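Okay, here's what each chain looks like letter by letter:
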Amino acid sequence: MGVVGGFRYVFGSVMMIGVSPQYFGLWIVWRTLSLMVLPDWMYQWGDDKLYSMYQRLVLFFFETCARVEVVMYGDADALKKKETVLYLGNHQSTVDWLVGNMVSVRAGSIGHLRYVMKDTLQLIPLYGHYFYAHGCIYVKRGQFNQEKMIRSLTYLKNPKIPTWLIVFPEGTRYYPATPNVIKKSEQFARDNNLQTPSGQTPRENGSSGRVEQRSRPPVLKHHLAPKIRGTWLVVEHLHSKFDAVYDISVFYEGTVSDDGVRGNAPQLAEFLMGKCKRVHIHIRRIPMTEVPHTEDELKHWLHNLYIEKDELAENFFSTDKQLRDTVQQRLGGRVSPLNLWSTLSAFLFFSAISTPIICTSLGNSLYYHILVYGSLGSYIWLAVRSVC
């Protein structure tokens, strides 16, 4: 497993990163053609197809080759519908964004994924620029620029641009090994009075997502307190666009030791090397009619949602090993296999377009020029956008 996992890590990383000039080149061609004659929604249709192909390549390595078993819980049948979705996920690993791929590919919507993401990701060569053009939204920690986010959200209002917008309301990852971050989060919750006016917290009513009230101290044990500013802007500007909130709770097998101590979730390298064999994904579908329209109500609603997520997490992070071992049976988890062709086709596509790049001097030259000048141009463009 060590040798195989190591090879998969090296080969997968080289290919996923190495095809960035090919991907960027294809996107530039499509973007240039669409600017001449096509409306925004038609450009986005083609771009989403291209994005879908690349993200399936990512899943080829991270799910198909790593032989990860995906177990779905809750409202997983909602994935049979074609919906426009606000995806609210817990945040504990550098793999969390990839779980969005795992969920959306099973709904046939992987190309429509867009993220609210930290601005340092702009520095990724080529992809940093591309993510912005795809409809992702960069936010800067500590220097939140509301107007820039609103401009990005305005583009996504187009009803002909289907969207799964992924937000991690905690803002940063929950690591048990960083107690100072957890303490700051707890203080944030106290300072912002994150509880219902009656001092009660909600209980999920079946699979509808409707909440009922019951007494319980609103203390989060397994999550950081969710932040409201970015989530509120998304809800304020896109409430009428979304069909539902998908409240996603993700649990990586092997996070808890045999003696019941929770450690850090596996990160990208460990995941790609096959050190996480099973991912548990709980979906709660909440109709937008049940999502508040005011910022103050949303703040409490969101925190209450995370208290519910905490209660769910207790099943996976319990110190009782028997409870952890029987969680799939108790909560009705179902293994959700992924069709091989859905990811293998992407691997074959990128292998085919990479062959002439690797094997010809013209391809080598084109690759170099796109990598160097494309990255330089992207950084200049992003720098100009940052001051506009």
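It should be emphasised that the depicted structure is a prediction, and the values quoted were computed from it without experimental measurement.

Another aspect to go through is the nonpolar core. Counting residues in hydrophobic clusters, the biggest one holds 62 residues, and the most contacted among them are Tyr54, Leu57, Trp164, Tyr252, Phe271 and Ile281. For this core, the element with the highest residue contribution is helix H3 (residues 40-65), accounting for 10 residues. Not counting chain neighbours up to four residues away, the residues in contact with Tyr54 comprise Met16, Val19, Tyr23, Tyr127 and Phe350. Membership of the second largest hydrophobic core comes to 32 residues, among which are Ile137, Ala225, Val235 and Tyr306.

This part covers the packing of aromatic side chains. The tally for this structure, following the rule as stated, stands at 26 aromatic pairs. Between Phe61 and Phe347 the ring centres are 6.1 Å apart and the planes differ by 85°, which places this aromatic pair in the edge-to-face class. Placement of Phe61 in helix H3 and of Phe347 in helix H13 (residues 340-359) is noted, with a sequence separation of 286 residues between them. Here Phe61 falls in the buried class, since its relative accessible area comes to 1%. One aromatic cluster is present, formed by Tyr23, Phe24, Trp27, Tyr51, Tyr54, Tyr127, Tyr130, Phe131, Phe349 and Phe350 through successive ring pairs.

A word on the side chain of Ser109. Its location among the elements puts Ser109 in the loop between helix H4 (96-105) and strand E3 (113-118). Apart from residues no more than four positions distant in its own chain, Ser109 is found in contact with Lys82, Ser104 and Trp164.

Turning our eyes to something else, we now look at a nonpolar patch on the surface. Where nonpolar side chains cluster on the molecular surface, the patch consists of Tyr368, Leu371, Val372, Tyr373, Leu376, Ile380 and Val384 and spans about 660 Å² of accessible area. Inspection of the secondary structure assignment puts Leu371 in helix H14 (residues 361-387). Looking at Leu371, the relative accessible area reads 33%, which means it is partly exposed.

Relative to the helices and strands, Gln92 resides in the loop between strand E2 (85-89) and H4. Overall, the relative accessible area of 2% leaves Gln92 in the buried class. Looking at Gln92, its side chain comes within polar contact range of the main-chain oxygen of Val250, at 2.6 Å. A distance of 3.3 Å separates the side chain of Gln92 from the side chain of Arg262, its partner in a polar contact.

Counting buried positions along strand E8 (residues 244-252) yields 9 of 9 residues, so the element is predominantly enclosed. What you see with E8 is no split at all: Ala244, Tyr246, Ile248, Val250 and Tyr252 on one side and Val245, Asp247, Ser249 and Phe251 on the other are buried throughout. By the bridge criterion, 5 bridges tie E2 to E8 in an arrangement that is parallel. In the strand pairing of E8, Tyr87 is matched with Tyr246. Alignment of E8 against strand E9 (residues 278-287), held across 9 bridges, turns out to be antiparallel. Within E9, the residue paired with Ala244 across the bridge is Pro287.

Take helix H6 (residues 146-156) next. The α-helix advances 3.6 residues per turn, and as a result positions three or four apart in sequence lie on the same side. Considered for burial, the residues of H6 that qualify are Met149, Ile150, Ser152, Leu153 and Leu156. The buried residues of H6 occupy one face: seen down the axis, they fall within an arc of 165°. In the core, the buried residues of H6 are packed alongside E3, helix H5 (127-134), strand E4 (137-139), strand E5 (164-167) and helix H8 (229-238).

Glancing now at H4. Most of H4 is tucked away: 9 of the 10 residues are buried. The set of residues buried in H4 consists of Asp96, Leu98, Val99, Gly100, Asn101, Met102, Val103, Ser104 and Val105.

Right, let's get into the sheet that holds E9. In any sheet, the strands associate via hydrogen bonds between backbone groups, in a parallel or an antiparallel arrangement. The strand order E4-E3-E5-E2-E8-E9-E1-E10 describes an open sheet built from 8 strands, whose pairing is mixed. A single partner strand is all that each edge strand has here, and the edge strands are E4 and strand E10 (334-335). Where H5 meets the sheet, its contacts fall on E3 and E4, and the angle it forms with E4 comes to roughly 115°.

Moving on, we come to the confidence of the model for the protein chain. The pLDDT averaged across the protein chain works out to 90; a share of 93% of its residues lies at or above 70. Within the model, the stretch residues 206-217 combines pLDDT values under 50 with 35 contacts to residues more than four positions away or in other chains.

Take the packing of H6 against H8 next. For the pair H6 and H8, interaxial distance at closest approach is 10 Å and the crossing angle is 40°. The handedness of the crossing between H6 and H8 comes out as right-handed. Within the contact between the two elements, H6 uses Gln146, Met149, Ile150, Leu153 and Leu156 and H8 uses Gly230, Leu233, Val234, His237 and Leu238. Looking at the contact of H6 with H8 residue by residue, the class counts come to 7 nonpolar, 3 polar and no charged.

Criteria and cut-off values
- Residues numbered from 1 in each chain as written.
- Predicted model: local features only at pLDDT ≥ 70, side-chain atom pairs only at ≥ 80, totals over all residues.
- Heavy atoms only, no water.
- Core = buried A, V, L, I, M, F, W, Y, C linked by side-chain atoms within 4.5 Å.
- Buried < 20%, exposed > 50% of the residue type's maximum accessible area, 1.4 Å probe, protein only.
- Helix = DSSP H or I, 4+ residues; strand = E, 2+ residues; numbered from the N terminus.
- Contact = heavy atoms within 4.5 Å.
- Phe/Tyr/Trp six-rings, centres within 6.5 Å; stacked < 30°, edge-to-face > 60°.
- Patch = residues over 30% accessible without salt bridge, like charges linked within 9 Å, V, L, I, M, F, W, Y side chains within 5 Å.
- Areas by Shrake-Rupley, 256 points an atom, 1.4 Å probe, with all protein chains shown as cover.
- Salt bridge = Lys/Arg side-chain N within 4 Å of Asp/Glu carboxyl O.
- Polar contact = N/O pair within 3.5 Å; in protein donor to acceptor, adjacent residues only side chain to side chain.
- Pairing = 2+ DSSP bridges.
- Arc of directions from axis to C-beta.
- Axes fitted to C-alpha atoms, helices over the stretch in contact; angles between N-to-C directions.
- pLDDT = per-residue confidence, 0-100.
- Left-handed = near helix turned anticlockwise from the far one by under 90°.
- Nonpolar A, V, L, I, M, F, W, Y, C, P; charged D, E, K, R; others polar.

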